Amino acid sequence: MINESGIYNLTQLPTSIVGETLTLLWSDLDNDGWVDLIETNDFAPPDVFYMNNKGVYDHPVSNTEKKFETSTKTTMSVISADLDNDLSPEIYIGEIALMGLASDEFLEVDKDAIQICAELASETDRQACLNYLKLLTMDRAMKWQRKAQEIESRSNMEFLVFLNNMRRNNLTCDDIPKEWSFLKRHCERVFNSDYNTPEKADIKEAIPSPGLGENVLLVNDGNNRYQNKASDWGIATGGYTWNAKFADLNADEYQDLYIVNGSHVHRTRQSNFFYINEGGNRFQNQISEYEALNSFLATQTYTYTDIDNDGDQDIITLPVIGPAQAHFNEMKKGNVIAFELRDQMGNRYGIGSKITIHYGDSSDRHQVRELLASGGHLSYDPYIAYFGLGNYKEVKKVTIQWSTGEETQMTGPFHSGARYEVRRSDELLN
């Protein structure tokens, strides 16, 4: 939908590839001032990348252009962030990434249900969790239609239909009892609909999405060609990755990675992953050192936000079963500074704008944040740019590249421990 003076016009993207799209990312990947687009799909259809040609997505990036080495097959999450402070964003794509996990790193729902559900505080939530996991232990060979009439709870029946949708087993829409008419309609939409069939030429030209069981980190080689460095940087493994995003949680100048995972229809569970960025090109999973984050509850989404207004970013997770959980950031950390925008010339919160800070003895250190309203999975974060400064206590210069293309430079000092609001008035147009 293209906004033309307040009127939205529908524009079809130029590809026949239409899949089960779980997330989209709008981000200026090549630093040309135009917001690019990545459309990611679960299952067979490959992910589609578009580079913005001065306001137009005129063609999907083809494999022959050699711009992006690879993507993932069961993509659930995609995000961009500058991880090494070179002012160029990396791209992280999350899928079912079980490679590298040992068997003793899994819990099994039929054996470990009590341990998994014990994370929930209330008895009501724990019992709901146990009931939920009990359904997963039903014999896979069982014909669901023979059990359909025995299901008393509407929520259980809904769950079985959803479960069947994921596993593509032997249930047919005609086997659903008459009293579940709305579920039967849902079943028919899922199983009897005509999915778009991509053209063979589009599939052939698409970015490879082989599904290797590893997450992908696309790093710019300096010539706007992106190579997969996930294994080299230590973040290829993410379990059944759902939401994966970056933030400098220990304020050491480099952005860290938190991954929530867990399939709610599979019989195994993995813990979440908490990767600490060690200097810009290597991560270490330190989830075992942070017990509150080390959850085996299937979790699809979370958000970074400063709950207690102490200047750093906390985490709110939302498990599939149970209430939202607040994780307060009490890590040993460096100094923090934050900026937010209020823009009367572009969009109100400056979405799509980039904020670059310069600091250090000779202003030779720098970081950049892009204000995103997309990416991850089923979540977004407040439109505030947080920067960890390590031992540095002030920023000497701030550069804002606004979403509309203009640039503003401000000279400090801007002191750490503060959040600055930068306003741009439409009076500047007159």
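Scroll up to find the structure.
The rules we used
Residues numbered from 1 in each chain as written. Predicted model: local features only at pLDDT ≥ 70, side-chain atom pairs only at ≥ 80, totals over all residues. Heavy atoms only, no water. Helix = DSSP H or I, 4+ residues; strand = E, 2+ residues; numbered from the N terminus. Buried < 20%, exposed > 50% of the residue type's maximum accessible area, 1.4 Å probe, protein only. Contact = heavy atoms within 4.5 Å. Areas by Shrake-Rupley, 256 points an atom, 1.4 Å probe, with all protein chains shown as cover. Phe/Tyr/Trp six-rings, centres within 6.5 Å; stacked < 30°, edge-to-face > 60°. Arc of directions from axis to C-beta. Axes fitted to C-alpha atoms, helices over the stretch in contact; angles between N-to-C directions. Parallel < 35°, antiparallel > 145°, perpendicular 65-115°, else oblique. Left-handed = near helix turned anticlockwise from the far one by under 90°. Nonpolar A, V, L, I, M, F, W, Y, C, P; charged D, E, K, R; others polar. Disulfide = S-S within 2.5 Å. Core = buried A, V, L, I, M, F, W, Y, C linked by side-chain atoms within 4.5 Å. Patch = residues over 30% accessible without salt bridge, like charges linked within 9 Å, V, L, I, M, F, W, Y side chains within 5 Å. Salt bridge = Lys/Arg side-chain N within 4 Å of Asp/Glu carboxyl O.

**What to know about the overall build of the chain**
The helix and strand tally for the chain stands at seven helices and 26 strands. Buried residues in the chain amount to 48% of all 430 residues. For the chain, the proportion of contacts with a sequence separation of at least 24, taken over those separated by at least 6, is 58%. Of the roughly 21,000 Å² that the chain leaves accessible, carbon and sulfur atoms contribute 48%.

**So, the packing of aromatic side chains**
For any two aromatic rings, the description comes down to two numbers: the centre-to-centre distance and the angle of the planes. Summed over the entire model, instances satisfying the criterion amount to 18 aromatic pairs. Taking 6.0 Å as the distance between ring centres and 55° as the angle between the ring planes, the aromatic pair formed by Tyr50 and Tyr57 counts as tilted. Overall, Tyr50 belongs to the buried group, its relative accessible area being 0%. An aromatic cluster of three or more residues is present, and its members are Tyr258, Phe274, Tyr290, Tyr302 and Tyr304.

**Notes on helix α1 (residues 109–117)**
Side chains three or four residues apart in an α-helix point the same way, a direct result of the helix having 3.6 residues per turn. Looking only at α1, the buried set comprises Val109, Ala113, Ile116 and Cys117. Buried residues of α1, seen end-on, are gathered within an arc of 85° and therefore sit on one face of the element. More than 90 degrees from the buried face of α1, the exposed residues found are Lys111 and Ile114. In this fold, the buried residues of α1 make contact with β9 (106–108), α2 (123–136) and β14 (268–270).

**Side note on the packing of α1 against α2**
For the pair α1 and α2, interaxial distance at closest approach is 9 Å and the crossing angle is 165°. In terms of orientation, α1 and α2 fall into the roughly antiparallel class. The two elements α1 and α2 cross, and the hand of that crossing is right-handed. On α2, the residues that touch Val109, Ala113, Ile114, Ile116 and Cys117 of α1 are Arg126, Cys129, Leu130, Leu133 and Leu136. Of the residues contributing to the contact of α1 with α2, the split by class is nine nonpolar, no polar and one charged.

**Brief notes about the state of the cysteines**
As enumerated under the stated definition, the model contains one disulfide in all. A sulfur-sulfur distance of 2.1 Å marks the disulfide that ties Cys117 to Cys129. Measuring handedness by torsion sign, the sulfur bridge of Cys117 and Cys129 sits at about -75° and is left-handed. Of this pair, Cys117 sits in helix α1 while Cys129 sits in helix α2, placing them twelve residues apart in sequence. A relative accessible area of 2% means that Cys129 is categorised as buried.

**Some points on unusual backbone geometry**
A cis geometry characterises the amide bond from Gly412 onward to Pro413, with omega recorded as 15°. Even without glycine at this site, Asn85 takes up a positive phi of about 60°. With respect to the helices and strands, the residue Asn85 is situated in the loop between β6 (77–81) and β7 (90–94). Among the residues examined, Asn85 registers a relative accessible area of 11% and is labelled buried. A positive phi is found at Asn224, a non-glycine position, where the angle reads about 55°. Along the chain, Asn224 turns up in the loop between β10 (216–220) and β11 (226–228). Residue classification places Asn224 among the partly exposed residues on the basis of a relative accessible area of 30%.

**What about the nonpolar core?**
In terms of nonpolar packing, the biggest core is built from 33 residues, with Phe68, Ile91, Tyr92 and Leu257 touching the most fellow members. The element that contributes the greatest number of residues to this core is β10, accounting for four residues. Residues within four places of Leu257 in sequence aside, it is in contact with Tyr92, Ile235, Ala244, Lys245, Phe246, Phe273, Phe274, Tyr275, Phe283 and Tyr304. Of all hydrophobic cores here, the second largest spans 17 residues; its members include Tyr359, Leu371, Ile400 and Phe414.

**Notes on a nonpolar patch on the surface**
Together, Met1, Tyr8 and Leu10 give the surface a local cluster of nonpolar side chains, amounting to about 410 Å² of exposed area. Looking at the element boundaries, Tyr8 is found in strand β2 (residues 7–9).

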